[in-house]
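Single-letter residue listing:
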Amino acid sequence: MSKLRTLLSVALPVVILTVLLSAGLAAAKDFTIGLILVGPYNDKGYSQAQFDGGKYVEAKMPGAKMIYLDKVNPADRPGLTIPQVVDDLIEKGADLIIAGSDDMKDGILEAAAMHPDKTFVHVSGDATWGGNGPANLGNLFGRMEYPKMMAGFTAAMTTQTGKIGFLGPLINEETRRLVASAYLGAAHAWTTVRGKDIKDLSFNVKWIGFWFNIPGVTADPTQVAGSFYDSGCDVIISGIDTPEAVTVARQKSGQGKNVFAIPYDYEKACEGQGAICLGVPYFNWGPGFLRIAKQVQDGTYKPAFEWEAPHWANINDHDKSPVGFMPGEGMTAQTQAKLDEFVARMGSGQLDLFTGPLNYQDGSVFLKPGEKATDKQIWYMEQLLEGMTGLSSAK
């Protein structure tokens, strides 16, 4: 009997501990993120960056699971509405719904109203600015303006022709402010660092009509990129979700042209592309998705408008920075050194490129001399800036 008591005294605590641990793990698994992607989950661009953000949450948050639907756009899934997608994700167990594109704004607002017991986050969008949005919907975006300035800076440090092309998606407030940011970075490098006349810098924007190519609907980004290079541009900055600018640059380089490209969205977009790739401004959704997922799970999430700045101590810190700029093989050591100085000055607050005098494209005043732009002035940019060539409006 004494031996039995001894065995029980050892075994029972172990059994109890095992049961408690199993219960804890089971509870930890009870959280599912539903992600709605505008493009393919493996597009090497915007949608893949968000997909990787969801995978980051799965890796960092015990028990978390991501479910998703990609290619949610009128071309790939005609007639499918965002509320329909949300209904399906919730039926499959989603606790948090993340809508990944600006053009999902109306649909995700409708879905949030239909499911007040679920939490929604719209990536981009401004429904919650000023606290006026639905009680169960928040907005999240990274301040991509800074990496776009880095892209423009790198382009202007590299160009030998003084001609930079910007491959734009569709025209809206987001794309206007991002292409304007690239221009400001380019103008600063061209004039302040290289000491050249701004009149000798050409910055031309061409829009394809959507975030990526839709045959028969958009302009073909491959043809647009080719036309840039054929007209004398030696650097293209991409603003679309997919890597056509890099593909065309490689083709032209193979034909003997000294050309370069700067893709967008996805950190690894330059990998394997060789010296034609100067670098890539990219989104790092993992830390933001993880923070919100944990807050939703523990009941502390308060929907708000969140426009997150880079982690200036290291803009490429995967665990801290929502946006970054990854140098490519084509960036020279001299440009890298100057870019590092540029980033440090922006991070310290010594340099703010959204400072007047700045005019809109039609000559009207955007910022008076010495005036620093407010967040709303930047977010709601009405036109491209003076000095840029291209359409400011789709009308």
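What counts, and at which threshold
Residues numbered from 1 in each chain as written. Predicted model: local features only at pLDDT ≥ 70, side-chain atom pairs only at ≥ 80, totals over all residues. Heavy atoms only, no water. Buried < 20%, exposed > 50% of the residue type's maximum accessible area, 1.4 Å probe, protein only. Helix = DSSP H or I, 4+ residues; strand = E, 2+ residues; numbered from the N terminus. Contact = heavy atoms within 4.5 Å. Polar contact = N/O pair within 3.5 Å; in protein donor to acceptor, adjacent residues only side chain to side chain. Domains from an automatic or database assignment. Buried area = accessible area lost by both parts, 1.4 Å probe. Right-handed = clockwise from strand over helix to strand, strands pointing away. Pairing = 2+ DSSP bridges.

Per an unreviewed UniProt entry, the recorded name for the chain is Basic membrane lipoprotein, and the organism is Pseudodesulfovibrio aespoeensis.

This brings us to helix H7 (residues 221–230). The set of residues buried in H7 consists of Pro 221, Val 224, Ala 225, Gly 226, Phe 228 and Tyr 229. Structurally, H7 contributes buried residues whose contacts are with strand E6 (163–168), strand E7 (202–207), strand E8 (235–238), helix H8 (244–254) and strand E9 (260–262). One side-chain oxygen of the residue at the start of H7 lies 2.9 Å from the amide nitrogen of Thr 222, identifying that residue as Asp 220. A positive phi of about 110° marks Gly 232, the residue just after H7.

Moving on, we come to the domain arrangement of the chain. If you check the domain split of the chain, you get domain 1 (31–142 + 286–308) and domain 2 (145–282 + 326–389). The distance between the C-alpha centroids of domain 1 and domain 2 comes to 28 Å. If you look at the interface, domain 1 gives 23 residues, while domain 2 gives 20 residues. Here domain 1 meets domain 2 over a buried area of about 1800 Å², counting both sides, of which 65% is carbon and sulfur. Among the residues domain 1 hides against domain 2, the three largest losses belong to Lys 44, Trp 129 and Trp 307. Together they make up 32% of the total.

Here we take up the side chain of Gln 383. In this structure, Gln 383 sits in the loop between helix H11 (375–379) and strand E15 (388–389). Note on Gln 383: relative accessible area 15%, which makes it buried. Here the side chain of Gln 383 touches Gln 361 through a polar contact of 3.4 Å, landing on its backbone nitrogen. At 2.9 Å, the side chain of Gln 383 forms a polar contact with the side chain of Asp 362. When sequence neighbours within four positions are dropped, the list of residues in contact with Gln 383 reads Arg 176, Tyr 360, Gln 361, Asp 362, Ser 364 and Ser 392.

For the rest of this paragraph, the subject is the pairing of strand E1 (residues 31–36). Burial within E1 is extensive, with six of its six residues counted as buried. Side-chain alternation along E1 places Phe 31, Ile 33 and Leu 35 on one buried face and Thr 32, Gly 34 and Ile 36 on a second face that is also buried. Assessed by its sense of winding, the connection that carries the chain from E1 through helix H2 (residues 46–60) to strand E2 (residues 64–69) is right-handed. The sheet contact formed by E1 and strand E3 (residues 96–99) spans four bridges and is parallel. Counterpart to Leu 35 in the pairing with E3 is Ile 98.

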